There are 2 protein chains.
Amino acid sequence: MIQPDRRKRITIKDVAQAAGVSTQTVSRVMNKVSYVSEGTRLRVETVVENLGYRPSALARSLIQQRSYTLGVVTFGLKYIGPSRTLNGVADKADELGYMLLMKELDNFNSNRIDDVIDSLLARQVDGILWVAPEIGDNHSWVEERMEKTPVPVLFLAMRPRDGIPSVATDNFKGAVMAIQHLLDCGRKKIGHISGPLNWWEADERKRGWRETLQSAGFDASEQHCTEGNWSSASGEQAFIQLLELFPDMDAVFVANDQMSLSVLREASRRGICVPEQLAVIGFDNIPESAYFHPSLTTISQDLQLLGEQAVQNIVEMIQARQGSQSVVPQAVFIQPSLVVRESSRLA
Amino acid sequence: MIQPDRRKRITIKDVAQAAGVSTQTVSRVMNKVSYVSEGTRLRVETVVENLGYRPSALARSLIQQRSYTLGVVTFGLKYIGPSRTLNGVADKADELGYMLLMKELDNFNSNRIDDVIDSLLARQVDGILWVAPEIGDNHSWVEERMEKTPVPVLFLAMRPRDGIPSVATDNFKGAVMAIQHLLDCGRKKIGHISGPLNWWEADERKRGWRETLQSAGFDASEQHCTEGNWSSASGEQAFIQLLELFPDMDAVFVANDQMSLSVLREASRRGICVPEQLAVIGFDNIPESAYFHPSLTTISQDLQLLGEQAVQNIVEMIQARQGSQSVVPQAVFIQPSLVVRESSRLA
DNA sequence: TGATATTATGTTATCGATAACATGTTATCG
DNA sequence: CGATAACATGTTATCGATAACATAATATCA
């Protein structure tokens, strides 16, 4: 692979000229379509090898109106959730031969949203994955905007909406499993430290707590729940507050593992034995939670799978559209699972 | 913004026709270069608005030989380090008007590396950021390959090499600070739990431990160090092993916070008081470390800044090359800082 | 006041590939 | 053995924009 001048790009013309054929023939060799005689094919392949020719994906995208690229809009990449999801997205995209064009969002201003979508479309992405949490009404534009978007858009971790494709963890179900587990352990006075309640996911988890307790005939009043913002710092505050509101609580369902960490610490400081006096269950199953002291019972959500599933679905939509077929947009739920560890286990 | 047929892209020709001008004039209006009379400018702008015209970045990249896109090659996105770095990269790229084309690496097979670089080049990226750790000789191709790469490539978290631009945390310096701090606290028997020693970063941290102890006249023999693989699970094993090798240790420098977590837990289980009997210091300053029990003294590395700096530097290189200037490739070190918390603080 | 600069706009070539169409040659078959 | 199919290759148009060049009208200056 010799590249005489490293600055100048080697084009299909250079190859054609060197091999004494037309550019079309080179194109045929590269794409292995149509007929090319054994002799010329070998000759062209040799030249390609010698010159180190790589076709310009850019030019190809332009003429084919197809880029084999997915736009990915993320938010809060520095947190573990989005990045694990992105990992799944990246893996699957690679497997299916797609590249990712990324944009990070720092706010949900609607101008900014339009800009981001437009900038992805300007680069001919074949589809868009929206990897940003649903907070307040920051997804209110979805239904209207989707009407006029020329490529499929799939939303992750969004409340299911009719006619809009999405993939999300079943947060409600996860919370139900958490509470059910605590009830199975014989706990009856179960508090909750929620995430920020304008987040759809936090709200779902709280709803799981409330409804499961109520249908089992137990109390799930507002006095038994305080609100954090997902951070360990906020978890500490929320726990202290909850202890005052609900002193005889015998179990607490915490909306994520980070907040659970500080609950465990504060409990230890106050001499509250976990799990004997207080069972603690988290959500997410971050790798560290197995090494908390005591190790944390939690609800595991498979964000890797979430990301993979999202790519799989959007690629199917792209292919369907390519063949002018229509696919019915689906809202998919990924099921979480319960991981029992020391913080809820009776000795 | 009315889009009559959502499927068909609106091109500069449509705008030109509707406004009764040439495409060149539309281009001039869009790019605000050269002369356009007030009248036609307004007319064109109105049409652009009405048709909802967005120029194709693809076509522009092709003609300008410039895409305003950076290729980003990552590894191990699911871990917190790479994703925090990526966050910094994304922020800065956005600020400077660049998009990111991502490829995740799952191994360091040299074919795979060539493929990844080629696929980015095929899309005309203006530069490449290599966000993958240096493990063993997995960067041995760097010097040779860089010769023939037509765009700047910058490496993150790589051992500095002459003539190759890079940005990395000064791991050695961080380790020195950690050990110095322990010495300042009066500790004399300081053990180390390292990361996997084929990682450059792990090796640097260990070197900092060894050299600082030695130059202070203390023992830093191999008996006082065990090796983990960054995970909490491995940290537990490494700590147990270290306790046997070095029973009268009074402090331990752990190569990352995840492993520190299980050190703290195991110490607690064995009734070893931290920090009275054993001071513990970590590395990374993950957000949770402030909520460990006891809270963890650690070396903070600013990966967000690392990512930002990398983008800043590569964009400067791109601009220099644009103007045919030459820049001397720099190897930049980001300085870490010490965060003192309970796990090393004497009461 | 003619020469030069500034303003304003259009025409043609180009980026690097593939699509669509055209054409010639060799097999295959009724 | 002429017609049709399969093979092999080339030519021209195209994707959507900007660069480079050209032209014409107005403004400015020595």
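To be clear, the structure that these remarks concern was listed above.
Owing to the predicted nature of the structure, the values given are computational and were not obtained by experimental measurement.

Student: Account for the nonpolar core, naming residues and giving values.
Tutor: Ranked by size, the top nonpolar core spans 56 residues in total, and within it A:Ile193, A:Val252, A:Val280, B:Ile193, B:Val252 and B:Val280 carry the most contacts. In contact with B:Val280, not counting residues within four places along its chain, are B:Val252, B:Val254, B:Val263, B:Leu264, B:Val274, B:Leu296, B:Thr297, B:Ser343 and B:Ser344. One finds A:Leu77, A:Val89, A:Leu129 and A:Val131 within the second-largest nonpolar core, a separate group that totals 46 residues.

Student: Could you give an account of helix H5 (residues 80-95) of chain A, with specific residues and numbers?
Tutor: All names here are of chain A. Here H5 spans 23 Å end to end across 16 residues, near enough to the 22 Å set by a 1.5 Å rise per residue. Taken across its 16 residues, H5 has twelve buried, putting it largely inside the fold. Taken as a whole, H5 has its buried residues at Ile-80, Pro-82, Ser-83, Arg-84, Thr-85, Leu-86, Asn-87, Gly-88, Val-89, Ala-90, Lys-92 and Ala-93. Within two residues after H5, Gly-97 carries a phi angle of roughly 80°, on the positive side.

Student: Talk me through the protein's contact with DNA strand D; I want residue IDs and the actual numbers.
Tutor: Close contacts around DNA strand D come from 27 residues, with A:Arg28, B:Ile12, B:Gln24, B:Ser27 and B:Ser56 the closest. With respect to DNA strand D, the side chain of A:Gln65 contributes an N or O atom lying 3.2 Å from a phosphate oxygen. Note that a phosphate oxygen of DNA strand D is positioned 3.4 Å from one of the side-chain N or O atoms of B:Arg60. Looking at the surface near DNA strand D, the elements with two or more residues in it are helix H2 (23-31) and helix H4 (57-64) of chain A together with helix H2 (23-31) and helix H4 (57-64) of chain B. Class assignment for the residues of the surface near DNA strand D results in ten nonpolar, 13 polar and four charged.

Student: Please provide a residue-by-residue account of the sheet that holds strand E2 (residues 99-105) of chain B, values included.
Tutor: As summarised here, the arrangement of the twelve strands in space is E11(A)-E5(A)-E4(A)-E3(A)-E1(A)-E2(A)-E2(B)-E1(B)-E3(B)-E4(B)-E5(B)-E11(B), forming an open sheet in which the pairing is mixed. The open sheet has two edge strands, strand E11 (331-334) of chain A together with strand E11 (331-334) of chain B, and neither has a second partner. Here the strands of the sheet are splayed against their neighbours by 20° on average, with no regard to which way each runs. With four bridges joining them, strand E5 (residues 166-169) of chain A and E11(A) adopt parallel strand pairing. For A:Ser166, the partnering residue across the bridge sits in E11(A) and is A:Ala331.

Student: Please set out the pattern of salt bridges residue by residue, giving values where relevant.
Tutor: Under the definition given, this model contains 42 salt bridges over all chains. The residue B:Arg41 makes a salt bridge to B:Glu38 at a minimum N-O spacing of 2.7 Å. Note that B:Arg41 and B:Glu38 are positioned in helix H3 (residues 38-51) at a spacing of three residues, about one turn of the helix. Taking the relative accessible area as the measure of exposure, B:Glu38 reaches 49% and is therefore partly exposed. For B:Glu45, the salt bridge goes to B:Arg41, with nearest N and O atoms at 3.2 Å. In this pair, B:Glu45 and B:Arg41 both sit in helix H3, four residues apart, roughly one turn of the helix. Judged by its relative accessible area of 31%, B:Glu45 falls in the partly exposed class. On the basis of relative accessibility, which here comes to 26%, the residue B:Arg41 falls in the partly exposed class. Here the residues in one salt-bridge network are A:Arg54, B:Asp114, B:Asp118 and B:Arg145, joined through shared partners.

The rules behind the values
Residues numbered from 1 in each chain as written. Chains lettered and ligands numbered in written order. Predicted model: local features only at pLDDT ≥ 70, side-chain atom pairs only at ≥ 80, totals over all residues. Heavy atoms only, no water. Core = buried A, V, L, I, M, F, W, Y, C linked by side-chain atoms within 4.5 Å. Buried < 20%, exposed > 50% of the residue type's maximum accessible area, 1.4 Å probe, protein only. Contact = heavy atoms within 4.5 Å. Helix = DSSP H or I, 4+ residues; strand = E, 2+ residues; numbered from the N terminus. Expected span 1.5 Å × (residues − 1). Near = heavy atom within 4 Å. Polar contact = N/O pair within 3.5 Å; in protein donor to acceptor, adjacent residues only side chain to side chain. Nonpolar A, V, L, I, M, F, W, Y, C, P; charged D, E, K, R; others polar. Pairing = 2+ DSSP bridges. Axes fitted to C-alpha atoms, helices over the stretch in contact; angles between N-to-C directions. Salt bridge = Lys/Arg side-chain N within 4 Å of Asp/Glu carboxyl O.

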